[in-house]
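Coordinate analysis (summary)
Take a look at the letters that make up each chain.
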Amino acid sequence: MILSLLHRRLRHGLASLVQIFAAFLIPCVAAAQSAGSEWTTPAGTVQGTRFSALDQINAGNVSQLHEEFRFKTGVLAGHEGAPLVVGTTMYVVGPFPNKLFALDLKRPGETRWVFDPKADRFAQDKACCDIVNRGAVFANGKVIYNVLDNTTVAVDAVTGREVWRKKFADPAKGQTMTMAPLVVHDKVLVGNSGGEMGVRGFIAALDVKTGAEVWRAFSTGPDKDVRIGPRFGPFYDKDKGQNLGSTSWPGTLWDHGGSTVWGWLTYDPDLNLLFHGTANPGVWNADLRPGDNKWSATVFARDPDTGEAIWAYQITPHDGWDYDGVNENIVVDLPFPSVNSATRKLLVRFDRNGFAYTMDRKNGQVLSAEKYVFANWADRVDLSSGLPVENPEKRTHEGVNVLDICPAAPGGKDQQPAAFSPKTGLFYVPTNNLCMDYEALKVMLFEGAPFVGASVTMKAGPGGNRGSLLAWDAAAGKKVWELKERFPVWSGVLATAGDVVFYGTLDRMFKAVDARTGNVLFERQLDSGIVGYPMTFIGPDGKQRVAVYSGPGGFGGAIVPGKLSTDDPFAALGIVGAMTDLPQFTGPGGAVHVFKLP
Amino acid sequence: MIQKVVVTLALLLATDQSAPSRQLRVCADPNNLPFSNRRLEGFENRIADIIAADMNATLTYAWMPQRRGFVRRTLKAGLCDLIIDLPAGYEMVLSTKPYYRSSYVFVYRRDRHLEVRSFDDPGLGGLKIGLHMAGEDGANQPPAHALARRHMAANIVAFKMWDVDSVESPAGRIIEAVAGGEIDIAVVWGPFAGYFASRQATELQIVPVEPSVDPPSLPFTYDISMAVRPGQATFKEEIESILDRRRADITAILAEYGVPLVGQRASSPPGLK
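Here the structure is a predicted model, which means the values were calculated and not measured. (Residues numbered from 1 in each chain as written. Chains lettered and ligands numbered in written order. Predicted model: local features only at pLDDT ≥ 70, side-chain atom pairs only at ≥ 80, totals over all residues.)

Some words on the overall build of chain B
For chain B, the count of helices and strands is eight helices and 15 strands. In chain B, buried positions account for 47% of the 273 residues. (Helix = DSSP H or I, 4+ residues; strand = E, 2+ residues; numbered from the N terminus. Buried ≥ 20, exposed ≤ 12 C-beta atoms within 10 Å, placed from the backbone.)

Some thoughts on the sheet that holds strand β17 (residues 298-302) of chain A
Residue and element names in this part refer to chain A. Strand order in the open sheet made by the four strands is β15-β16-β17-β18, with antiparallel pairing throughout. Both outer strands of the open sheet, β15 (265-268) and β18 (309-314), are each paired with one neighbouring strand and no more. Taken pair by pair, the neighbouring strands of this sheet meet at an average axis angle of 20°, ignoring direction. With four bridges connecting them, β15 and strand β16 (residues 273-277) associate as antiparallel partners. The residue of β16 that forms the bridge with Thr266 is Phe275. (Pairing = 2+ DSSP bridges. Axes fitted to C-alpha atoms, helices over the stretch in contact; angles between N-to-C directions.)

With respect to helix α7 (residues 233-245) of chain B
For α7(B), spanning 13 residues, the distance from its first C-alpha to its last is 18 Å, which sits close to the expected 18 Å at 1.5 Å a residue. Those residues of α7(B) that are buried lie in contact with α2 (43-54), β5 (82-87), β6 (94-95), β15 (221-228) and α8 (247-256) of chain B. (Expected span 1.5 Å × (residues − 1). Contact = placed C-beta atoms within 7 Å.)

A look at the interface of chain B and chain A
At the junction of the two partners, chain B supplies 51 residues and chain A supplies 48 residues. Ranked by residue count, the leading element in the side of chain B that touches chain A is helix α4 (residues 142-149) of chain B, at four residues. Looking at side-chain class alone, the side of chain B that touches chain A contains 29 nonpolar, 11 polar and 11 charged residues. (Nonpolar A, V, L, I, M, F, W, Y, C, P; charged D, E, K, R; others polar.)

Focus on the pairing of strand β1 (residues 23-28) of chain B
All names here are of chain B. With six bridges joining them, β1 and strand β4 (residues 58-63) adopt parallel strand pairing. Bridge pairing links Cys27 to Ala62 in β4. Pairing between β1 and β5: two bridges, direction parallel. Residue pairing across strands places Val26 opposite Leu82, the latter belonging to β5.

As for the packing of α2(B) against α8(B)
Residue and element names in this part refer to chain B. Put simply, α2 and α8 touch, their axes get as near as 10 Å, and they point 165° apart. Looking at the two axes, α2 sits roughly antiparallel to α8. Here the hand of the crossing between α2 and α8 comes out right-handed. Residues Phe43, Arg46, Ile47 and Ile50 of α2 lie in contact with α8, whose contacting residues are Asp249, Ile250, Ile253 and Leu254. Residue classes in the contact of α2 with α8 are distributed as six nonpolar, no polar and two charged. (Parallel < 35°, antiparallel > 145°, perpendicular 65-115°, else oblique. Left-handed = near helix turned anticlockwise from the far one by under 90°.)

Some remarks on the sheet that holds strand β5 (residues 100-104) of chain A
Residue and element names in this part refer to chain A. Pairing is antiparallel across the open sheet formed by four strands, whose spatial order is β3-β4-β5-β6. Among the strands making up the open sheet, the edge pair consists of β3 (84-86) and β6 (110-115). The sheet shows a mean angle of 25° between the axes of neighbouring strands, taken without regard to direction. The pairing of strand β4 (residues 89-93) with β5 spans five bridges and is antiparallel. Paired with Thr89 across the two strands is Asp104, which belongs to β5.

Observations concerning the domain arrangement of chain B
Accessible area lost upon the coming together of the parts is a frequently used measure of interface size. Residue and element names in this part refer to chain B. When the domains of chain B are assigned, the result is domain 1 (2-99 + 223-256) and domain 2 (101-219). Distance between the C-alpha centres of domain 1 and domain 2: 29 Å. Facing the 10 residues of domain 1 at the interface are nine residues of domain 2. Among the secondary structure elements, those contributing two or more residues to the side of domain 1 that touches domain 2 are β2 (31-32) and β15. (Domains from an automatic or database assignment.)

Considering unusual backbone geometry
Trans peptide bonds make up the majority, and among non-glycine residues the majority have a negative phi. Here the bond from Phe96(A) into Pro97(A) is cis, since omega is 15°, no more than 30 degrees from zero. Residue Pro407(A) is reached from Cys406(A) by a cis peptide bond, and omega for that bond is -5°. One non-glycine residue with positive phi stands out, namely His318(A), at about 50°. Residue position: His318(A) is located in the loop between β18 and β19 (330-335). Even without glycine at this site, Asn56(B) takes up a positive phi of about 55°. As for its placement among the helices and strands, Asn56(B) is situated in the loop between α2 and β4. Classification of Asn56(B) as exposed rests on a count of 12 C-beta atoms within 10 Å.

What about the environment of Asn391(A)?
All names here are of chain A. By the element assignment, Asn391 lies in the loop between β24 (388-390) and β25 (402-405). Along the sequence, Asn391 and Val381 sit 10 residues apart, while their C-alpha atoms lie 12 Å from each other. Beyond its immediate stretch of four places on either side in the chain, Asn391 contacts Asn376, Trp377, Ala378 and Asp379.

Remarks on the confidence of the model for chain A
Averaged over all residues, the pLDDT of chain A equals 90, while 90% of them reach at least 70. Taken together, the stretch residues 1-32 of chain A has pLDDT below 50 and engages in 39 contacts with residues farther than four places along the chain or on a different chain. (pLDDT = per-residue confidence, 0-100.)

Points about the nonpolar core
Burial of nonpolar side chains together is a common tendency in soluble globular proteins. Core analysis: the biggest nonpolar cluster contains 169 residues, and Val143(A), Tyr428(A), Val493(A) and Val501(A) have the highest contact counts within it. Setting aside chain neighbours within four positions, we find Val143(A) in contact with Leu84(A), Tyr91(A), Leu100(A), Ala136(A), Phe138(A), Val155(A) and Ala157(A). (Core = buried A, V, L, I, M, F, W, Y, C linked by C-beta atoms within 7 Å.)

In structure tokens, the structure reads:
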């Protein structure tokens, strides 16, 4: 019924029906924890599960998938993110200059319209790692996304016309925006990037109808700026105190303290809590900022309507490794601590620092923290204090060479999002297996002045494979199976009710594996390496499709589109040293590929 | 009037006919005085003029802010053939012989009589110390590391080196802050200090940081070279011969911009190539 309404609306361009549709759709998806025939929010669900209830494509027939069509965005750069599908339209946001393409699924490969946000040309020179975009969200009849030049833009889903835009800052100041927004109630939630350039991180809420800013919460500074007030109740003593966002820094360095909000946002409709992480603290040299440097590398639970912090847990205090805390906080209800236990309201996150955290999402208590990749910077997380038990030999200091720190700066997993299947109860996690050397005193240049710092070079971790896809049992805190890959698995993951798990590799393979065993059921070589996130939907013919972007880039694949020289091991924060052979496996690209059964 | 036009045209034609076919492509920052800007007002622009004239080449610019990846995205990407001002021995490039040497300097109002010359000066303890701060990447100016070692990070007042395009020479803000009394003292790379200090209403004192190396191996003085792509040894030698031949002109330009020059040191500090 709803679908047929939408089809009619798209045929006749009746915008009013979009609102009717949206009113049905959003509460429906929020409650179900699985995506249905459409894909309207970046992770498929506001809980961040990347799980679809569709099962036409299943373990028995997935091997027959073939490509129905592909559409090139015309940009040869890292294509992170996933398309959206609403009705019979697929929406694709390209990397900078961030055009939005509306593809007609009834005429595969054809565009209904293309929206150009007229991005500031200057933004490209300022972006940290690549010119990626992690996708759009559909709400209130609009497709809403962030442009690299710090603009959030809302586009009418039917006409392709701009409805509103909100400019946050000039990219010349070092700030950019790459993250995918989330819509909760009548608010669009967005955050900034650019910790490398000394900016101050924040998350903001915009009115979905007008783009007007409703609230903003900074990640550093006094409590009022962080929106910490009477409702704030962190679980651990280490996170309790007045104005820790400024007092845990020397002087006024919190004002340049990074801790941006460039990763994933998730939402629990039952508790009305918004979850987000914060990035690493500004100025990598940790000796310059003695203290915990709150609220860097922290998970926040906030009231989405007011922005008030309800609890916070700093994951990696006084970060010295670039372990951003921006990875997705997946909202799940699972029996814990064992399959026979009562179901608990959990938050599961695979942090860059190499630990998988299972937390009580009501109060931020860490119930378990186990290594999901090889990690040697800390032995374990002390569950009574919430503090990591660090290995002092792997602490970075100015003027000291520290070798073989694992994981490397991109972490056991970077932003590439994991999936959760309520059918198997397992998480499917794309991982990096990289370690790094941190060597003191390399001369650099900034705006005419010599700078001296550490150089970071990365290399494969134990085993020599640089990445894997693994299945994780959060209750047991254990890996169930693992598929090793040559390169870091920089793609996202999709799990479906057909018991199939989809992901892609930097060496161009799009794969489907059995959700229970990890057996590879399907693989197809695409035109270029994959850093996008697979998604699934029902096409106009009632048949299930799976779509994924190709186009290597981002931090992990930066060597390809940026044509980074392989004799510059420090390029893209040192990752090139670990990826010198990638150009042998993929050239640049940029397309959405749509697959279906015969 | 008509005569004038004819003469001008003739001159243009003459210039056109004798226009050198050779191009000198230089990469520079579009808004970073005293080094360079798009209006060609920096000392790098002036020195590039000399080099181009000497090799009878037409000078063209590829503009790019000097932030992370500058060398990679300009010289290494083939957008240009020469960078005028880069620390000697910089990775990824072939450096010419150094043509000047400068130092990080303390800058303070003369009427404050601070007499600070070293990071170990006890007088530094209670002061608000301005520094240019970049981001993470492990990259900070040597004075930031020196203060961190002395547990004086809380004294730091951070200034950005960049701003929106409409702000002229954002790196000069820190010197204005010294002159205006917003901070007590700044520690900045010499060329910024010399240029912007002379433009303040208040008299400012500029004192090179001593000693020139913070033991064991953190240098405050740097040799500055031009840079070409690795493998272009012949081009490098050509540039070096021009640097030798035009040394007096180049030194005069550096003096005009107030670049604090310091002597060569006997040997490299340990730990640095």
